[in-house]
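# Structure at a glance
Letter by letter, the chains look like this.
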Amino acid sequence: MTALYDEIGRSYAGKRQSDPRIGAAIERAIAGCKSILNVGAGTGSYEPRSRIVVAVEPSSTMIAQRPPGAAPVVQARAEALPFPNRSFDAVLGILTVHHWKDQVKGFSECDRVARSKVVFLTNDFDVCAKFWLFDYFPELLRADRHIFPSLTRFEHAFGAIQSIAVPIPADCVDGFLGAYWKRPGAYLERNVRDSISTFSKVGNIDSQLAHLENDILSGEWERRYYGLQNLSELDLGYRIVISTERVGQ
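Summarised in this report is the structure supplied together with it. All values derive from a computational prediction rather than experimental measurement.

### A short note on the pattern of salt bridges
Within this structure, the stated rule accounts for 14 salt bridges. With its nearest N and O atoms 3.6 Å apart, the salt bridge here joins Glu 79 to Arg 77. In this structure Glu 79 comes out as buried when scored by relative accessible area, which is 13%. Relative accessible area serves as the criterion here: at 32%, Arg 77 is assigned to the partly exposed category. Between Arg 239 and Asp 235 there is a salt bridge, with its nearest N and O atoms 2.8 Å apart. A cluster of three or more residues bridged by salt bridges with shared partners is formed by Asp 215, Glu 220, Arg 223 and Arg 224.

Following this line, the structure appears as C-alpha cells:
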C-alpha cells in the first residue's frame, strides 16, 4: 500500500481537503484529549490544530505534500508504531484501516499506545453497498468491500465501541469515494478518480465511464436517482468508531 500511495498520492493534496462538517464530527469524537497520534495521516487532513499532534504516515509521497505548519510526521506503519505504551491520549485514524496490510496488528498497536480513546473514520459497507456509483462500477464494490473492516471486527479488536453515522454533505469538499454522490459528472474527471484509491485497483473502465456520461447527458441518471434531488446530505455508510475500553490495559 505504501507503493500504491507513492504512485497515486501525488495529487492528493489538491482534491483531498478537510470538509469542515466532517471535521467537526471528528473534533467532537476526540474531545477532552490533549495529545493525538494520527495514524495513516496522509497529507494532514482533519488533524486538530489546537492539540499536540504527531502524525504517522508510511508514504514519502504523501509526507512531501503535508503543508507548512502541519504536525510533525514519523514515517512508519500502523502495524509497528514507534512509541511506548500509552504515549497519547487518543489515536486517530481517518479512512486508513482498509489500507493496512495487517489490520489485527494495526488495531493492537493503536490500542497499545492510546491512554484514553481510539477513534477511526471508516465505512460500513453493509450500508455503502447501496451507493448508486456501484451500479455503474461494480468492480469498485468488489475492490473495497472485503478490505473495509466490519463494525463487528472493530468490536473484536477493541471490545465495546460507539458508532456514529457521518452523513456526507452534497457539496463535500473532501474528494473521497462518496463525496460526489450528488455530482455524478465529477467521476468522469481523471483528476477526481486519481485522488480515490479504489479507482487505481480496477482495470479499464472506459465503457463504464461512457455509460455514466451518456446517462448524465440524456437525463437518465437524474430520472433513475430522482430521490437524491432534494437531499442536502446522504448516509453512505461513513462512520466514526470510538473505543474507550483499552483491551491491553
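### Structural notes on the packing of aromatic side chains
One pass over the structure, following the stated rule, counts 20 aromatic pairs. When the ring of Phe 120 is compared with that of Phe 154, the centres are 5.5 Å apart and the planes differ by 45°; the resulting orientation is tilted. Within this pair, whereas Phe 120 is found in strand E5 (residues 114-123), its partner Phe 154 is found in helix H9 (residues 151-158), the two being separated by 34 residues in sequence. Look at Phe 120 and you get buried, because its relative accessible area is 2%. By relative accessible area, which is 0% here, Phe 154 ends up buried.

### Some points on the packing of helix H5 (residues 103-113) against H9
At their nearest, the axes of H5 and H9 sit 10 Å apart, and the two run at 50° to each other. If you check the angle between H5 and H9, you find them oblique. The crossing of H5 and H9 is right-handed. Side by side, H5 and H9 meet where Gln 103, Phe 107 and Asp 111 of the first sit next to Arg 153, Phe 154, Ala 157 and Phe 158 of the second. Considering only residue class, the contact of H5 with H9 consists of 4 nonpolar, 1 polar and 2 charged.

### Points about the environment of Ser 150
By the secondary structure assignment, Ser 150 is in the loop between helix H8 (138-145) and H9. Here Ser 150 falls in the partly exposed class, since its relative accessible area comes to 33%. Linking Ser 150 and Glu 222, residues 72 residues apart in sequence, is a C-alpha distance of 31 Å.

### Structural notes on the environment of Leu 92
Counting through the fold element by element, Leu 92 comes out in strand E4 (residues 88-94). Given the relative accessible area of 0%, Leu 92 is considered buried. Considered as a pair, Leu 92 and Gly 32 are 60 residues apart in the sequence and their alpha carbons are 14 Å apart. Apart from the residues within four sequence positions on either side, Leu 92 is in contact with Ile 26, Ile 30, Ile 36, Leu 37, Asn 38, Val 39, Tyr 46, Pro 48 and Val 119.

Rules used throughout
Residues numbered from 1 in each chain as written. Predicted model: local features only at pLDDT ≥ 70, side-chain atom pairs only at ≥ 80, totals over all residues. Heavy atoms only, no water. Salt bridge = Lys/Arg side-chain N within 4 Å of Asp/Glu carboxyl O. Buried < 20%, exposed > 50% of the residue type's maximum accessible area, 1.4 Å probe, protein only. Phe/Tyr/Trp six-rings, centres within 6.5 Å; stacked < 30°, edge-to-face > 60°. Helix = DSSP H or I, 4+ residues; strand = E, 2+ residues; numbered from the N terminus. Axes fitted to C-alpha atoms, helices over the stretch in contact; angles between N-to-C directions. Parallel < 35°, antiparallel > 145°, perpendicular 65-115°, else oblique. Left-handed = near helix turned anticlockwise from the far one by under 90°. Contact = heavy atoms within 4.5 Å. Nonpolar A, V, L, I, M, F, W, Y, C, P; charged D, E, K, R; others polar.

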